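# An overview of the molecular structure
Below are the chains, spelled out letter by letter.
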Amino acid sequence: MDLEQQIEHSHLRIRSLNLHVAQAGKSGERGTVLFLHGFPEIWYSWRYQILAVAAAGYRAIAPDWRGYGLSDQPPEEEEVSYDDVLDDLLGILDALSIPKAFLVGKDFGALPAYDFALRHPNRVCGVMCLGIPFTPFTTSFNTMPEGFYMLRWKEPGRAEADFGRYDIKRVVRTIYILFSSSEIPIAKEDQEILDLADLSTPLPEWFTEKDLAVYTSLYENSGFQYPLKMPYRSGDKRQTVEDPKFQVPVFVVMGLKDYVYKLPGFESVLKDGIMKMFAPDLKIAYIEEGSHFVQEQFPDKVNELLIGFLKDHHRVPEAA
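Residues numbered from 1 in each chain as written. Predicted model: local features only at pLDDT ≥ 70, side-chain atom pairs only at ≥ 80, totals over all residues. Heavy atoms only, no water.

### Description of unusual backbone geometry
Negative phi is the rule for most residues except glycine; trans is the rule for most peptide bonds. Test applied: We count a stretch as a helix when DSSP gives it H or I for four or more residues in a row; a strand needs E for two or more, and each element gets its number in order from the N terminus.
Of the consecutive residues F39 and P40, the connecting peptide bond is found in the cis state with omega at 10 degrees. Residue position: P40 is located in the loop between β3 (32–36) and α2 (47–55). Not every positive phi belongs to a glycine, and S97 is a case in point at roughly 55 degrees. Inspection of the secondary structure puts S97 in the loop between α3 (83–95) and β5 (101–106).

Put into structure tokens, the structure is as follows:
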């Protein structure tokens, strides 16, 4: 059966916006798993995990963040606030009458997964994050070169001008090529980030033209204006939790070929026991050939780890 035939789509009215959610496994006999995407990802980046956890007896829910994909755009004049995604997450759980859920976050989506679990531990069964470890402080990349992609994309208008030179399909294609590499995307002074890859570079073998077409259609709907603001121009306003201590199990999965692993401090947080100080019930797994898009690259391996984590911490769902 085709993926699209197994996944239901709807919109929830959350805080004056209609947020798109993809769902499977409506009964949720064993509980609910909420998937939180990163950039340039979208609900579709969880396609393999949605079906796997639904088949295992869980309810799977993957929203498009506000301003992404099929979700509404916030008013342009409205200030972008990182807390909006945390409030939206709470709103989604409430709207669907879900008392507690497992949170699975990737890339940018890992941050609200961690922060929500710290702020609302009574609403969370456990947290699994891909590619991003927890740090109790806002990470600064001021030691990175000027051409580092995050620094470039923080500049208002810089990425918009870069992306605007090409159609949506080429932008998505180029980002997937660049960010599936083990090298950190850093442009030279006379380059823009999208200049780092060209059309002669093939897509990763695990990312098909059909996948590219789906991403393209979703970003043709939303554009990149808001996604570039959230997260790249809102992360500095993230309010960290004072004296953070996770009350739920935490599982971090890292691909060893993920460029993120080379960013300042990320490896030491995991290997020097720093994260364990904040997450007493911590498990870490490494996928040797895994890239930044490990859940799409090695879905079977990620699904095995995810379902194992869910089963290890299975609880009978509470009544709504």
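### Describing the environment of E155
Selection rule: Buried, partly exposed and exposed residues are distinguished by accessible area as a fraction of the type maximum, computed with a 1.4 Å probe on protein chains only: under 20%, between the cut-offs, and over 50%, respectively. When checking whether two residues touch, look at their non-hydrogen atoms; a contact exists if any pair is within 4.5 Å.
Its location among the elements puts E155 in the loop between α5 (149–154) and α6 (158–163). Taking the relative accessible area as the measure of exposure, E155 reaches 31% and is therefore partly exposed. Apart from the residues lying within four places of it in its own chain, the contact partners of E155 are E146 and R233.

### Structural notes on the packing of α2 against helix α12 (residues 299–312)
Angle between the axes and distance between the axes: these two values describe a pair of packed helices. Worth spelling out the cut-off: Working convention: axes come from line fits to C-alpha atoms, limited for helices to the stretch in contact. Angles between N-to-C directions cover 0 to 180 degrees. Any angle from 65 to 115 degrees is called roughly perpendicular, while one under 35 is roughly parallel, one over 145 is roughly antiparallel, and all others are oblique. Crossing handedness: left-handed means the near helix sits turned counterclockwise from the far one by under a right angle, and right-handed means the same turn made clockwise. Nonpolar residues are Ala, Val, Leu, Ile, Met, Phe, Trp, Tyr, Cys and Pro. Charged residues are Asp, Glu, Lys and Arg, and all others, Gly as well, are polar.
Two elements in contact, α2 and α12, have axes separated by 10 Å at closest approach and are oriented at 40 degrees. What the angle tells us is that α2 and α12 run oblique. When the axes of α2 and α12 are compared, the crossing they make is right-handed. Here Y48, Q49, A52 and V53 of α2 come into contact with α12, specifically with P299, V302, N303, L306, I307 and L310. The residue inventory of the contact of α2 with α12, partitioned by class, reads eight nonpolar, two polar and no charged.

### Considerations on the nonpolar core
This is how the line gets drawn: Think of a nonpolar core as a cluster: buried Ala, Val, Leu, Ile, Met, Phe, Trp, Tyr and Cys residues, connected wherever their side-chain atoms sit within 4.5 Å.
Counting residues in hydrophobic clusters, the biggest one holds 116 residues, and the most contacted among them are F35, F39, Y114, W153 and F163. Residue contributions to this core peak at seven residues, all from helix α7 (residues 168–179). If near-sequence neighbours (up to four positions away) are discounted, Y114 is found in contact with V127, C129, I132, P133, F134, F246, V250, V252 and M275.

### Examining the packing of aromatic side chains
Here the distance between the centres and the angle between the planes together describe a pair of aromatic rings. So the rule is basically this: When the centres of two rings from Phe, Tyr and Trp lie within 6.5 Å, Trp using its six-membered ring, the rings pair. Their planes under 30 degrees apart give stacked, over 60 give edge-to-face, and anything left gives tilted.
Taken as a whole, this structure holds 36 aromatic pairs when the rule is applied. A centroid spacing of 5.8 Å and a plane angle of 85 degrees characterise the contact between F39 and W153, whose relative ring orientation is edge-to-face. Linking F39 in the loop between β3 and α2 with W153 in helix α5, this pair joins segments that are 114 residues apart in sequence. With respect to class, F39 is no different from W153; both count as buried. Consider the rings of Y176 and F207, whose centres lie 4.1 Å apart with planes at 15 degrees: the pair is stacked. Here Y176, found in helix α7, pairs with F207, found in the loop between α7 and α8 (209–222); they are 31 residues apart in sequence, far enough to count as distant. Residue classification places Y176 among the buried positions, given a relative accessible area of 0%. Look at F207 and you get buried, because its relative accessible area is 2%.

### Points about the pairing of strand β8 (residues 282–287)
Operational definition: DSSP bridges decide pairing: two strands pair if at least two such bridges lie between them. By the criterion used throughout, a crossover qualifies as right-handed when its path from the first strand across the helix to the second strand runs clockwise, the strands pointing away from the viewer.
Pairing of strand β7 (residues 250–255) with β8 involves six bridges; the strand directions are parallel. Its bridge partner lying in β8, G255 is registered against I287. Following the backbone out of β7, through helix α10 (residues 266–271) and into the adjacent parallel β8, one traces a crossover that is right-handed.

### Observations regarding the packing of α7 against α8
Orientation of α7 relative to α8, taken along the N-to-C sense of each, is 120 degrees, at an axis distance of 9 Å. Comparing the axis directions of α7 and α8 gives the class oblique. Where α7 crosses over α8, the handedness of that crossing is right-handed. Where α7 approaches α8, its residues I168, K169, V172, R173 and Y176 are matched on the opposing element by E209, L212, Y215, T216, Y219 and E220. Of the residues belonging to the contact of α7 with α8, the class tally is six nonpolar, one polar and four charged.

### Some thoughts on the confidence of the model for the protein
Rule in force here: Confidence scores per residue from the predictor, reported as pLDDT, run from 0 to 100.
Overall, the predicted model of the protein reaches an average pLDDT of 92, with 96% of residues at or above 70. For the stretch residues 316–320, pLDDT sits under 50, and the model shows nine contacts to residues farther than four places along the chain or on other chains.

### Overview of the side chain of K106
With respect to the helices, strands and loops of the structure, K106 is situated in strand β5. On the basis of relative accessible area, K106 is assigned to the buried category, the value being 0%. The residues contacting K106, other than those within four sequence positions of it, are L36, H37, G38, E41, W46, L130, H292, F293 and Q295.

### Quick notes on α3
The following threshold applies: For a helix, the expected span equals 1.5 Å multiplied by the number of residues minus one.
With 13 residues, α3 should cover 18 Å at 1.5 Å per step; its first-to-last C-alpha distance of 18 Å lies within 8% of that length. Turning to α3, its buried residues number three or more, namely D84, V85, L86, D88, L89, G91, I92 and L93. Looking at the residues trailing α3, positive phi occurs at S97, about 55 degrees.

### As for the environment of R158
Note the following rule: Any pair of N or O atoms that falls within 3.5 Å is considered a polar contact. Within protein, one atom must be able to donate a hydrogen and the other to accept it, and sequence-neighbouring residues count only if both atoms are side-chain atoms.
Examined against the element boundaries, R158 turns out to sit in helix α6. When its relative accessible area of 21% is taken as the criterion, R158 is described as partly exposed. Sequence separation between R158 and L12 is 146 residues; the distance between their C-alpha atoms is 33 Å. With residues up to four places along the chain from it excluded, the contact list for R158 reads E146, R152, Q191 and E192. Of the polar contacts made by the side chain of R158, one reaches the side chain of E192; its length is 2.9 Å.

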